[in-house]
Amino acid sequence: MTPSTPGTPGTPTPGTPGTSAPGTGAPGTPGAAGAQLTGTASPSPVCVGEARPVDTDAFLALIAAATPNDPLPPILGQILSFQPGRPRRPLSHGDMLCLVARDTAGRPVGALLGGVPKWVFEHPLCAGTVLPPKLRERVSTIHAVVVDPAHRGRGIAGKLIRAAERRLWQAGYQLLTLEHPATLTPFYEKLGYLSDEELIMMLPGADLLELEAEGLLLAVKPLSNEVKMVTVPGAPARIVSGILPGCHVSATMRFHNGRLTS
Ligand SMILES: CC(C)(COP(=O)(O)OP(=O)(O)OC[C@H]1O[C@@H](n2cnc3c(N)ncnc32)[C@H](O)[C@@H]1OP(=O)(O)O)[C@@H](O)C(=O)NCCC(=O)NCCS
């Protein structure tokens, strides 16, 4: 997919009002709300970049610590052993985004793993249809973001997340999602995410894809002006509008018996 060109009419530019959720900064923009995160410790001079083969063990250990109940797919180690290269940018490893935050000595002290959400292939409204190839180039998810306990509270997670948003935006992605415990709602709100118990997305034919994450909240951030989070009377959560052509929620729509009606 061709990345959106900054400055092209009708396309999102980081910093353009309306590019992201109200009251928040655009993806990765200096001065975005997330940049104001403050911790008790002093800011850490880390550098965020793609995970390299030499980072494999540290990357896997960090991500595994963040997802103790969710064993890492063995293929992740193999993927990381490939040198990220220019042809794959702005993502680092095929469809996946593997970022690390390095301290001044070059040691990884934080990691972020992004990629295509599983539901794109597995949800009954998507599996076996023409939708997965279309959605996989528009929707991405942060599977895990983690910072070494000794380095927390210094804005490192914020830096990793904004770097991911910037790369995904450059790659033409329109929506970023993630799951998080309710305790982290203020953290993600500051970064411009909207959290709900459900994620509802309008698909072709006004079908509504509804997702829940057991014991967690689902957070979303539009990366494009095309995509909006719309409040619809009667709906249990805001609805993602505009993720595919013809899938815009109109002002006259109402939510009734699990469907949108005009
Ligand atoms: C969550 C995590 C990634 C934050 O990393 P970090 O580099 O310390 O985050 P930042 O410095 O960018 O932001 C710190 C802010 O997050 C808040 N925060 C971090 N962890 C929190 C928690 N468990 N509960 C509530 N708030 C938390 C801090 O209070 C701080 O808020 P403030 O700016 O209002 O003071 C880190 O605590 C971590 O690795 N946790 C374990 C893995 C995890 O839970 N990952 C997220 C899964 S969705």
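Residues numbered from 1 in each chain as written. Predicted model: local features only at pLDDT ≥ 70, side-chain atom pairs only at ≥ 80, totals over all residues. Heavy atoms only, no water.

Tell me about the side chain of Glu198, and name the residues and values.
You can see Glu198 is positioned in strand β7 (residues 198-202). For Glu198, which is buried and forms no salt bridge, the nearest opposite charge comes from Arg238, at a distance of 12 Å. When neighbours within four sequence positions are excluded, Glu198 is seen to be in contact with Glu210, Leu211, Glu212, Leu218, Pro236 and Ala237. (Helix = DSSP H or I, 4+ residues; strand = E, 2+ residues; numbered from the N terminus. Buried < 20%, exposed > 50% of the residue type's maximum accessible area, 1.4 Å probe, protein only. Lys, Arg positive; Asp, Glu negative; His and termini not counted. Salt bridge = Lys/Arg side-chain N within 4 Å of Asp/Glu carboxyl O. Contact = heavy atoms within 4.5 Å.)

So what about the sheet that holds strand β11 (residues 239-241)? Which residues, and what values?
Pairing within the open sheet is mixed, and its four strands lie in the order β8-β7-β11-β10. Taken across any chain shown, the strands that pair with only one partner, and hence form the sheet edges, are β8 (208-212) and β10 (228-230). Between one strand axis and the next, the sheet turns by 30° as a mean value, whatever way the strands run. Relative to β8, β7 runs antiparallel, the two sharing five bridges. Looking at the pairing, Glu198 lines up with Glu212 of β8. (Pairing = 2+ DSSP bridges. Axes fitted to C-alpha atoms, helices over the stretch in contact; angles between N-to-C directions.)

Talk me through the sheet that holds strand β5 (residues 175-180); I want residue IDs and the actual numbers.
If you trace the seven strands from one edge of the open sheet to the other, you get β1-β2-β3-β4-β5-β9-β6, paired in mixed fashion. Two strands close off the open sheet at either side, each with one partner strand: β1 (47-50) and β6 (194-196). Strand-to-strand twist in this sheet, taken as the mean axis angle between neighbours without regard to direction, amounts to 25°. Where β6 lies against strand β9 (residues 217-222), three bridges are found, and the strand directions are antiparallel. Directly across from Asp196, in β9, lies its bridge partner Leu218. Lying on the sheet, helix α1 (residues 56-66) is in contact with β2 (97-102), β3 (108-115) and β4 (139-147); it crosses β3 at an angle near 70°.

How would you sum up the nonpolar core? Please name residues and give values.
Grouped together as the largest cluster of nonpolar side chains are 34 residues, with contacts concentrated most on Trp119, Leu135, Met202, Ile239, Ile243 and Leu260. At the level of elements, α3 (119-122), α4 (131-136), β7, β8, β9 and β11 are the ones that each hand at least two residues to this core. Apart from residues lying up to four places away in sequence, Leu135 is in contact with Trp119, Val120, Cys126, Leu203, Ile243 and Leu244. If you look at the next biggest cluster of nonpolar residues, it comprises 27 residues, including Leu97, Val145, Ala163 and Leu176. (Core = buried A, V, L, I, M, F, W, Y, C linked by side-chain atoms within 4.5 Å.)

Nothing here speaks to function; it is all geometry.
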